[in-house]
Amino acid sequence: MLMPEPDAEVLARRDEIVARLREIVPGEGVIVDEDELRVYESDGLTAYRQLPFIVVLPETTAQISAILKTCHEIGVKVVPRGAGTSLSGGALPLADGITLGLGKFNRILDIDWDNRCAVVQPGVTNLAITQAVEHRGFYYAPDPSSQIACTIGGNVAENSGGVHCLKYGLTANNLLGIEMVLMDGEIVRFGGKQMDSEAYDLLGLATGSEGLLGVITEVTVRILRKPEVARAMMIGFPSNEAAGDCVAAVIAAGIIPGGMEMMDRLATKAAEDFVQAGYPLDVDAILIVELDGPEAEVAHLIARVDRIARDCGAVSVAVSRDEEERIRFWAGRKAAFPAVGRISPDYYCMDGTIPRHRLAEVLSCIRQMTARYNLDVANVFHAGDGNLHPLVLYDANVPGELERAEEFGAEILRLCVEVGGVLTGEHGVGVEKRDLMGTMFTEDDLNQQQRVKCAFDGKSLLNPGKVFPTLHSCAELGRVHVRQGEIRFPDIPRF
């Protein structure tokens, strides 16, 4: 995995750059000490590390605007960073770039009950939004497993999902507006409290853009009423393939659960040992299916899912009797990643998405790969929407195992594309999947995507080295100009 070569001229001007940044962010907001910088050397993809050039911790949008404007003028790269929970290396620092930490943007600015939305700063954690509104019977639907730590700004940057995204959607489906600072310091707003806006969907463009287009400084999200009833089913299967067939059958029957998650035997045992959720250990796979809505509807759907599961070969079906048991069913799935961390020195968390009806086939192929690579895999899936999270277990202290795990992961992702899926469902491309983008997109596709980046960041200073396997200058690609509310494509036909 190669990153751009550090700019020797920028490195030589470090003292000057630090002085200019301290004029904008006084006190302890500019970090240069090596021991303190090391805290930021990696995100959740810990296999890759790089000591940042400088870390800056602004507290206001005006400071971010001034920082970006200064970096734009003097040609210094910037890597935005939230909580650092990214699993694709999206916040991996640069040796000649500023890491812009947004941890101090942690306030909830407004809760608009009438319009059912909340306005928050990007450093607010995902779970904190629900905690702020639950006393009135509301919640924020997208719920990544890392929701206790991951921040809403990062969720927007990666278009994060979660166990309930099957019915309630990803971040994009629950996002109403953002404030964003462009690389030249301009502050723009896309969307707002309204349900939709005219002209180009710049909000949709910014969502999932992985810090390549701008720095998000404010987020407006939709909040929902909690359903009247929510009950979870824990279903055991004799094989991964049977569980996969059940997933496809439930959706084919027109049933959209609040969440539908799958774990194989290895992940189930690790989760059960970790949280004692009551999972059966004599099955090869379990499904956790949650139905929510009016009580009569939930009871009816539980009966239908029970019949479908047994027709697919289920050997056990348990239904939560109360809220405490429902939460316990989910506890193991929510803790699956740290649970697997207890049984292996290291693991490589993949993220690909496939058509649901190919789930059983893909699981069978992954099982065959484990023998070929001589590495175990714990499978944890957002099964309902086909988002796979195979955890490839390895030991970085054993020479060659990391490289073998990377090759294994790349083959899984190529398989996802081959069966009609995509490289990522919610973790983003970052550096992890960057060099695989050619398996999904043509060179023309990638160049067109880079032209859009050029519209926002003409000098390619924001998070360079991520997403695109080959970087071209904006002069090579043909410039695309952006101003708030419109995009003009001078060299590209309008449509």
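Before reading further, recall that the structure is shown in the block above.
Quick caveat, the model's predicted, so the values are computed rather than measured. (Residues numbered from 1 in each chain as written. Predicted model: local features only at pLDDT ≥ 70, side-chain atom pairs only at ≥ 80, totals over all residues. Heavy atoms only, no water.)

**Focus: the overall build of the chain**
Helix and strand content of the chain: 17 helices and 21 strands. Here the C-alpha radius of gyration of the chain, 23 Å, is about what a compact globule of 495 residues would show, namely 23 Å. Principal axes of the C-alpha set define a box for the chain whose edges measure 65 × 60 × 50 Å. For the chain, with 495 residues in total, the buried portion stands at 56%. For the chain, the share of sequence-separated contacts (at least 6 apart) that also reach a separation of at least 24 residues comes to 72%. As displayed, the chain has an accessible area near 20,400 Å², and 49% of this comes from carbon and sulfur atoms. In the chain, 47 side chains carry a positive charge and 71 a negative one; their mean positions are 3 Å apart. (Helix = DSSP H or I, 4+ residues; strand = E, 2+ residues; numbered from the N terminus. Rg over C-alpha atoms; globule rule 2.2 N^0.38 Å. Buried < 20%, exposed > 50% of the residue type's maximum accessible area, 1.4 Å probe, protein only. Contact = heavy atoms within 4.5 Å. Areas by Shrake-Rupley, 256 points an atom, 1.4 Å probe, with all protein chains shown as cover. Lys, Arg positive; Asp, Glu negative; His and termini not counted. Charge placed at Lys NZ, Arg CZ, Asp CG, Glu CD.)

**Focus: the environment of leucine 45**
As for its position among the elements, leucine 45 is in the loop between helix H3 (34-37) and strand E2 (54-56). Distance in space between the C-alpha atoms of leucine 45 and serine 88 is 5.8 Å, their sequence separation being 43 residues. With residues near it in sequence (within four places) discarded, leucine 45 still touches Ser86, Leu87, Ser88, Gly89, Tyr348, Val431 and Glu432.

**Details of the layout of surface pockets**
Considered as a void within the structure, the second largest pocket measures approximately 700 Å³ in volume. What lines the second largest pocket is a set of 25 residues, and nearest its centre among them are Thr130, Asp143, Gln147, His164 and Arg326. Residue assignment for the lining of the second largest pocket shows that the elements contributing at least two residues are helix H5 (126-133), strand E12 (229-237), strand E14 (285-293) and helix H12 (323-334). Top contributing element to the lining of the second largest pocket by residue count: H12, with 6 residues. (1 Å grid on protein atoms, 1.4 Å probe; cavity = no way out; pocket = protein on both sides within 12 Å on 5 of 7 lines; lining within 4 Å. Points joined across faces, edges and corners; volume = space filled by probe spheres on them.)

**Considerations on the state of the cysteines**
In total, this model carries 1 disulfide according to the counting rule given. Each sulfur in the disulfide pair cysteine 454 and cysteine 474 lies 2.1 Å from the other. Here cysteine 454 and cysteine 474 share a disulfide; its torsion about the S-S bond, -95 degrees, makes the bridge left-handed. Of this pair, cysteine 454 sits in helix H16 (residues 443-456) while cysteine 474 sits in helix H17 (residues 474-477), placing them 20 residues apart in sequence. Left unpaired, cysteine 165 is separated from the closest cysteine sulfur, that of cysteine 150, by 13 Å. Judged by relative accessible area, which is 8%, cysteine 165 ranks as buried. (Disulfide = S-S within 2.5 Å.)

**Comments concerning the sheet that holds strand E5 (residues 108-112)**
Ordered in space as E5-E6-E10-E8-E9, the 5 strands form an open sheet in which the pairing is antiparallel. The strands lining the two open edges of the sheet, one partner per strand, are E5 and strand E9 (187-191). The mean inter-strand angle of the sheet, taken between neighbouring strand axes irrespective of direction, is 15 degrees. In this structure, strand E8 (residues 175-181) lies alongside E9, joined through 5 bridges in antiparallel fashion. Across the sheet, residue valine 181 finds its bridge partner in E9, namely isoleucine 187. Contacting E8, E9 and strand E10 (215-222), helix H4 (residues 61-74) crosses the sheet at an angle of about 50 degrees to E8. Contacting E5, strand E6 (117-120) and E10, H5 runs over the sheet at an angle of about 45 degrees to E5. (Pairing = 2+ DSSP bridges. Axes fitted to C-alpha atoms, helices over the stretch in contact; angles between N-to-C directions.)

**With respect to H5**
Note: α-helices contain 3.6 residues per turn, so residues at a spacing of three or four share the same orientation. Within H5, burial applies to Asn126, Ala128, Ile129, Thr130 and Val133. Where the residues of H5 are buried, they touch E5, E6, strand E7 (138-139), helix H6 (152-158) and E10.

**Focus on the packing of aromatic side chains**
Overall, the coordinates contain 4 aromatic pairs when judged by the stated rule. Measuring from ring centre to ring centre gives 6.3 Å for tyrosine 139 and tyrosine 168, while their planes differ by 85 degrees; the resulting arrangement is edge-to-face. With tyrosine 139 in strand E7 and tyrosine 168 in helix H7 (residues 165-168), the pair connects residues that are 29 residues apart, well separated along the chain. You'll find tyrosine 139 and tyrosine 168 in the same group, each marked buried. The aromatic ring of tryptophan 113 is capped on one face by arginine 136, whose charged end is 4.2 Å from the ring centroid. (Phe/Tyr/Trp six-rings, centres within 6.5 Å; stacked < 30°, edge-to-face > 60°. Lys NZ or Arg CZ within 6 Å of the ring centre and 35° of its normal.)

**Quick look at H16**
Under the 1.5 Å per step criterion, the end-to-end length of H16 is 21 Å for 14 residues, consistent within 8% with the ideal 20 Å. Every buried residue of H16 is listed here: Leu446, Asn447, Gln450, Lys453, Cys454, Ala455 and Phe456. (Expected span 1.5 Å × (residues − 1).)

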